[in-house]
Amino acid sequence: MEGKIIVVTSGKGGVGKTTATASIGAALALEGNRVAVIDMDIGLRNLDIVLGLENRIVFNIVDVVNKRCNLSQALIRDRRIENLFLVPASQSDNKDVLTALGVQRLAKQLKSEFNYVIMDSPAGIEKGFENSVVAADEAIVVCTPDVSSIKDADRVIGLLYARSITPRLIVNRIIPEMVVRGDMLSHEDVMDILSIDLLGLVPMDDQVVVSTNTGVPLVMQNQSLAGQAFRRIAKRINGETDLPIQIPTVKTGIWSKITQKLGLTK
Amino acid sequence: MWLKNNKMNKHNEMELGIVPNEAVAPSIPSVKLKGVGDGFLVTINPAVPEEEIYKEVSELFERLKNLAVNSKVVIDVGNVEGYDDLVNNIKLLLKSKFDVGSVTKAHDKNSTSNYQLNKQNSVDNNLRTNNNKGWISDRSDALILTGRVRSGQKIDTKGHLIIAGNVNPGAELTAGGNIIVLGSLLAPVYAGYPDDDEAFVMALDFRPPNIQIGGVVSMEINSELSGKIVYATVKDNKIITEDYIKTQPFGKIPWPTIM
């Protein structure tokens, strides 16, 4: 098997890299792929919590790279979604313990066992970022529609191009009401500055917090708009490139207003 | 005529401190023709015998017969006084033979002439760069780039900088000369680094957070000009931004001139 290594990165912290990694990984696995999600945020591990697998960690990525265990020992299998695996980060080390060479060796092994390997890069553009992108075939840049996030994403895009990786963009946390009012940048404004291929638009969704706290992947909650958006993104990654990009819109219909009042929908 | 010229050569060489060097005397054509705007600029070396000049002018205009009809011809004999007779004779010749519209003599001090009367026996490259600001012999030193300049990317050049593309927030541009952006300029720029207040910054979509020209920094950019091509220069130790199309800052320059 010759899989693909996809790095999820953003430059800025808190824009939804980990949520995106967990959601895309879970959605790709639900599509029938063998998927490994790797937490590269050494010292600040979160991906295990988002996936609800934090209680099952014995070994982590640092142990694998430093040959204290086998890859199979560190891989945690998700019990709800078949073919979804996690390699957690270490919480006690810092980002300097990994070397580019070690990550490349691990990546090669992962590539031979999985269809998709999704790496959750840490925020920043230092060693942690370098280690995350060193073996990547593709990159997904996550940004939110605010100026600081765009500026950081732009920097990361430049760094990815410098490594001959062509990134694709996810605009996260779009609040359509604010875009309509003119209080938030629209995805077109974001695209104007970043000018890379768009992979998907994800609306702001309260379910994300619920999902993170309960450890139930977003894509398993059918009500979640963000979950649906990530499922479409996973389909696009999986080869359905002609799937149209759905732009988050404000619900203004009378029926949606009634159902909202009755508490049937959000 | 030859004698007179040689005398003047000596005089000027001494004045300019250039050692005459017979060995490197360049062989330059006596008449040169350039198309400028809706007319022609004829540069003449008055040191050459008149008959030869008439012959060469005739030959040149013979080749562009149709184009010459009703055209404006400017005759440039270099930074030298006199030679009105020569110009008049050429005027008569061109009007009668080629039906040109008007013939005038160039009076510009920064003459675009390649020929200085005194240069025949001297190393004239120095003179050219000093006295001649025309685009005929000089070169502009510019870095011309295309593409998007992203956050964190830094472009630094000693000459002018022209970017065909957008400049994103977080990028940095520094140029010893002028900066022209054929796109959106959203990043701070420094033109005329380190102290050339004569430099300018121009962009099709001008939205930088601040700019610096020479030693002058501007923090607040006039947002009234959004959607217009903006041209920023230093006036009275302050950076001012103007609508380029309205102001036409280069409209008054008589000849195409090296930037």
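Chains are numbered independently. Their residues run from 1 in the order of the written sequence. Going through the entries in the order they are written, you letter the chains from A and number the ligands from 1. Local features in this predicted model are restricted to residues whose pLDDT is 70 or higher, and side-chain atom pairs enter the listing and the counts only when it is 80 or higher, whereas totals over whole chains, interfaces and linings include all residues.

Details of the overall build of chain B
To qualify as a helix, a DSSP run of H or I must reach at least 4 residues; to qualify as a strand, a run of E must reach at least 2; elements of each kind are numbered from the N terminus. Along the backbone of chain B there are six helices and 15 strands. A residue is called partly exposed when the number of other C-beta atoms within 10 Å of its own lies between 12 and 20, exposed at 12 or fewer, and buried at 20 or more, with C-beta atoms placed from the backbone. Sorting the 259 residues of chain B into buried and exposed places 35% on the buried side. Any residue pair is listed as a contact if its two C-beta atoms, each placed from the backbone, are within 7 Å. Taking as baseline every contact in chain B between residues at least 6 positions apart, the subset at least 24 positions apart corresponds to 39%.

Comments concerning the overall build of chain A
Per the secondary structure count, chain A includes twelve helices and eight strands. By residue count, 47% of the 266 residues in chain A fall in the buried class. Long-range contacts, defined here as pairs at least 24 residues apart, represent 76% of the contacts in chain A between residues at least 6 apart.

Section: helix α11 (residues 225–237) of chain A
Residues and elements named next belong to chain A. Take the number of residues in a helix, subtract one, and multiply by 1.5 Å to get its expected span. Taking 1.5 Å per residue, 13 residues should reach 18 Å; α11 reaches 19 Å between its end C-alpha atoms and fits that length. In terms of residue burial, α11 counts as a mostly covered element, since ten of its 13 residues are buried. Packed against the buried residues of α11 are α1 (17–30), β7 (167–174), β8 (197–203) and α10 (207–214).

Considerations on the environment of Gly-82 of chain B
Inspection of the secondary structure puts Gly-82 of chain B in the loop between β3 (72–76) and α4 (84–98). A C-alpha to C-alpha distance of 9.9 Å links Gly-82 of chain B and Pro-46 of chain B, two positions 36 residues apart in sequence.

Points about the packing of helix α2 (residues 50–63) of chain B against α4 of chain B
Residue and element names in this part refer to chain B. For every element, the axis is a line fit to its C-alpha atoms; helices are fit only across the contacting stretch, and the angle between N-to-C directions ranges from 0 to 180 degrees. Close contact between α2 and α4 brings their axes to 11 Å; oriented N to C, the two are set at 30°. Our pair here, α2 against α4, has a crossing hand that is right-handed. Residues Glu-50, Tyr-54, Val-57, Ser-58 and Phe-61 of α2 lie in contact with α4, whose contacting residues are Leu-86, Ile-90, Leu-93, Leu-94, Lys-97 and Phe-98. In this classification, the charged set is Asp, Glu, Lys and Arg, the nonpolar set is Ala, Val, Leu, Ile, Met, Phe, Trp, Tyr, Cys and Pro, and all remaining amino acids, among them Gly, are polar. For the contact of α2 with α4, the per-class residue count stands at eight nonpolar, one polar and two charged. Crossing handedness: left-handed means the near helix sits turned counterclockwise from the far one by under a right angle, and right-handed means the same turn made clockwise.

Examining the sheet that holds strand β9 (residues 179–185) of chain B
Residue and element names in this part refer to chain B. The rule for pairing is simple: two strands pair if DSSP sees at least two bridges between them. The six strands lie next to each other as β5-β7-β9-β11-β14-β15, forming an open sheet whose pairing is mixed. Two strands in the sheet have a free side with no partner beyond their single neighbour: β5 (142–146) and β15 (238–243). Averaged over all neighbouring strand pairs, the angle between strand axes comes to 25°, with direction disregarded. The pairing of strand β11 (residues 201–206) with strand β14 (residues 230–235) spans three bridges and is antiparallel. When the sheet's bridge partners are listed, Val-201 is paired in β14 with Ala-232.

Focus: the environment of Ala-26 of chain A
All names here are of chain A. Relative to the elements of secondary structure, Ala-26 occurs in helix α1. Judged by the 28 C-beta atoms lying within 10 Å of it, Ala-26 falls in the buried class. For the pair formed by Ala-26 and Leu-51, sequence separation is 25 residues and the distance between their alpha carbons is 8.7 Å. If we skip the residues at most four places from it in the chain, Ala-26 touches Ile-81, Leu-84, Pro-217, Val-219 and Met-220.

Digging into the nonpolar core
One broad rule of soluble globular proteins: the nonpolar side chains tend to lie buried together. By definition, a nonpolar core groups buried Ala, Val, Leu, Ile, Met, Phe, Trp, Tyr and Cys residues that are joined through C-beta atoms within 7 Å. Counting residues in each nonpolar core, the largest one holds 77 residues, and the members touching the most others are Val-35, Ile-118 and Phe-230 of chain A. Looking at this core, the element that brings in the most residues is α1 of chain A, giving seven residues. Once you skip the residues sitting within four places of it in the chain, Phe-230 of chain A turns out to touch Ala-20, Ser-23, Ile-24, Ala-27, Val-202, Leu-218 and Val-219 of chain A. Membership of the second largest hydrophobic core comes to 32 residues, among which are Ile-163, Tyr-193, Val-201 and Tyr-244 of chain B.

Quick word on the confidence of the model for chain B
Residues and elements named next belong to chain B. A score from 0 to 100, pLDDT tells how confident the predictor is in each residue. Put simply, chain B has an average pLDDT of 76, and 75% of its residues get 70 or more. Counting interchain partners and residues more than four positions distant, the pLDDT-below-50 stretch residues 1–26 has 24 contacts. Scored below 50 in pLDDT, residues 109–133 makes 65 contacts in the model with residues more than four places away or belonging to other chains. In the model output, the complex is listed with pTM 0.68 alongside ipTM 0.76.

Comments concerning the sheet that holds strand β4 (residues 84–87) of chain A
Residues and elements named next belong to chain A. Here eight strands make up an open sheet; going across it, the order is β3-β4-β2-β5-β1-β6-β7-β8 and the pairing mixed. Only two strands of the sheet have a single partner each, and these edge strands are β3 (76–77) and β8. In this sheet, β4 lies alongside β3 in antiparallel orientation, the contact comprising two bridges. Among the inter-strand pairings, Arg-77 is bridged to a residue of β4, identified as Phe-85. Sitting on the sheet, α1 is in contact with β1 (4–9), β2 (35–39), β4, β5 (116–120), β6 (138–143) and β7, with an inclination near 170° to β5. With respect to the sheet, α11 is in contact with β7 and β8, its orientation differing from that of β8 by roughly 160°.

Points about the interface of chain B and chain A
Residue-level contacts link eight residues of chain B with seven residues of chain A. Its residues placed into classes, the side of chain B that touches chain A shows one nonpolar, five polar and two charged.

Observations regarding unusual backbone geometry
Following Tyr-193 of chain B, the chain continues to Pro-194 of chain B via a peptide bond in cis, the omega torsion being 5°. Notably, Lys-67 of chain A is not glycine yet its phi reads approximately 60°, a positive angle. Among the secondary structure elements, Lys-67 of chain A is positioned in the loop between α3 (61–65) and α4 (71–74). One non-glycine residue with positive phi stands out, namely Arg-173 of chain A, at about 60°. Tracing the chain through its elements places Arg-173 of chain A in strand β7. Classification of Arg-173 of chain A as buried rests on a count of 23 C-beta atoms within 10 Å.

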